[in-house]
Structure formats: structure tokens, C-alpha cells
Amino acid sequence: MKRPLEPSAEGRGRIVGITDGVFAIALTLIVLEIRVPAHEAVHSESELLAAILALAPRFLTYALSFLTLTIFWFGQQAQHGLIAKSDRRLATLNLCFLAFVALLPFSTDLLADFLEFRVAVLVYWLNLLTLGATLFASWWYADRNGMIAEDVDVQTRRTVYNRIVKAQVLWMIGAALCLIAPLLSIVFILLVQLIYATAPRSSLLRHIIG
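Parameters and conventions
- Residues numbered from 1 in each chain as written.
- Predicted model: local features only at pLDDT ≥ 70, side-chain atom pairs only at ≥ 80, totals over all residues.
- Heavy atoms only, no water.
- Core = buried A, V, L, I, M, F, W, Y, C linked by side-chain atoms within 4.5 Å.
- Buried < 20%, exposed > 50% of the residue type's maximum accessible area, 1.4 Å probe, protein only.
- Helix = DSSP H or I, 4+ residues; strand = E, 2+ residues; numbered from the N terminus.
- Contact = heavy atoms within 4.5 Å.
- Axes fitted to C-alpha atoms, helices over the stretch in contact; angles between N-to-C directions.
- Parallel < 35°, antiparallel > 145°, perpendicular 65-115°, else oblique.
- Nonpolar A, V, L, I, M, F, W, Y, C, P; charged D, E, K, R; others polar.
- Left-handed = near helix turned anticlockwise from the far one by under 90°.
- Phe/Tyr/Trp six-rings, centres within 6.5 Å; stacked < 30°, edge-to-face > 60°.

S.K.: Before we move on, can you summarise the nonpolar core with the specific residues and values?
M.R.: Counting residues in hydrophobic clusters, the biggest one holds 43 residues, and the most contacted among them are F72, F97, V101, L111 and W171. Of all the secondary-structure elements, those providing two or more residues to this core are α1 (9–32), α3 (56–82), α4 (88–113), α5 (118–144), α6 (154–176) and α7 (182–198). Element by element, the count of residues in this core is highest for α5, at ten residues. Look past the residues within four positions of V101 in its chain and what remains in contact with it is V22, F23, A26, L69 and L131.

And the structure:
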């Protein structure tokens, strides 16, 4: 008889399903914060152009968060492809991860409204940190409890750990740069996101990020 906490392939399938749904909602919410200028406030071509340019911080943070969600979605999908089964504890860790995914639209909106404040950058970075920590914890738990597929070798398991840790270290450096200038911090984090997003196309980048 199957026990409630017994690992199963069905449990893994349910995690994959809810993950895609939460990511889809988060990706939608971050773009909804970019709002069309009010028609009443625009009376000429130049005013419309100025209103669009005023949205630049929101477009910047949208790009930042879109890349963040894309990277973490690929990361968790890669993990799901290597994990053969799941139990309630692993599902709970994944739900914690999704809770921080759902929080990203808030930290994105905060960053867009207070782009020049260090606190806004640090809140955004803390969101990245919690995403990485829960993703790491999920992989660690699955690895320690025999839920990884049998054909996954030791090098692949180590690569998953290294990729998460390296990303978090780079984002921590980016967050520290806000002590110099918040915008410098954001640009650095964005560059890290771009490196991870384009890594499959370059052997050099693959070497850098593991």
C-alpha cells in the first residue's frame, strides 16, 4: 500500500503542472505594470514621446525580471527533467520556490518606482536570493533522498549545484554595487541575466557559469 509521503512519479507531474501556471501568471503580472500614458495628459507628439520615455525604468525592470523568470523557469525545468519522483516534502520546497516567483512582480514594481534607492535594489536581490535558496534546497533534498533519475551521473549533479551557487554569487556582487550607485547595481545584474540567457550559444559562457 502506498503511503502519503512515499515518493512517486505522479507527485513530480503535479509539481511540473503548477510550476508552469505560476510562472505564466508572474510573467503576465510584470508586464501589466507598464501602463499606457493617460490620454488626458498627452496633447502633442512631443508630450507622448516624453511620456513613453518616462516609462524607461519600468521597461528596464521588466527586462530584468523577464530574464530572471526565464532563467529560473529553465533551471527548475532542468531539475524536473533529472528528478524521477517527488514526495510531500519536495513538493513543499517547490511551493516555497513558487511563492517567491509570485513575489517577483512586487519587487519588480518596487524597483521601478524607486530605481534610485538602495533599499529597492536590496529587496529585489533578496527576492533573487530566496529563489536561488529554495531551488538549491529542492535539488539537495531530491539528491539526498534518492529521487534523482538513476542515469544522472555525479558530474551532472555537481553542475546543478554549481550553477545555482555561481549565479547567487554574481547577483550578490551586483547587489553590493548599489553601495556605489543603484543603477550600476541594476545594470550589472542585468548583464548577469543576459550571460545566463545566452550561455547555451557560447562555450566560453558555459565554462563561466558551469
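S.K.: Could you give an account of the packing of α3 against α4, with specific residues and numbers?
M.R.: At a minimum axis separation of 8 Å, α3 and α4 run at an interaxial angle of 170°. Regarding the angle of α3 to α4, the classification is roughly antiparallel. Judged by residue contacts, P57, R58, T61, Y62, L64, S65, T68, L69, F72, Q76 and H80 of α3 engage N94, F97, L98, V101, L104, T108, D109, L111, A112 and D113 from α4. When grouped by side-chain class, the residues that make up the contact of α3 with α4 number eleven nonpolar, seven polar and three charged.

S.K.: An account of the packing of α3 against α7 is needed here, citing residue identities and associated values.
M.R.: Their axes nearest at 9 Å, the elements α3 and α7 cross at an angle of 40°. By the angle class used here, α3 and α7 are oblique. Handedness of the α3/α7 crossing: left-handed. On the side of α3, the interface is formed by L60, A63, L64, L67, T68 and I71, while α7 contributes L183, I186, I189, L190, Q193, L194, Y196 and A197. Split by residue class, the contact of α3 with α7 holds twelve nonpolar, two polar and no charged.

S.K.: Give me the lowdown on the packing of aromatic side chains, citing residues and values where you can.
M.R.: If you walk through the whole model with that rule in mind, you get seven aromatic pairs. Taken together, a centroid distance of 5.9 Å and an interplanar angle of 45° make the contact between Y62 and F66 tilted. In this pair, Y62 and F66 both sit in helix α3, four residues apart, roughly one turn of the helix. According to the relative accessible area criterion, Y62 is partly exposed, its value standing at 24%.

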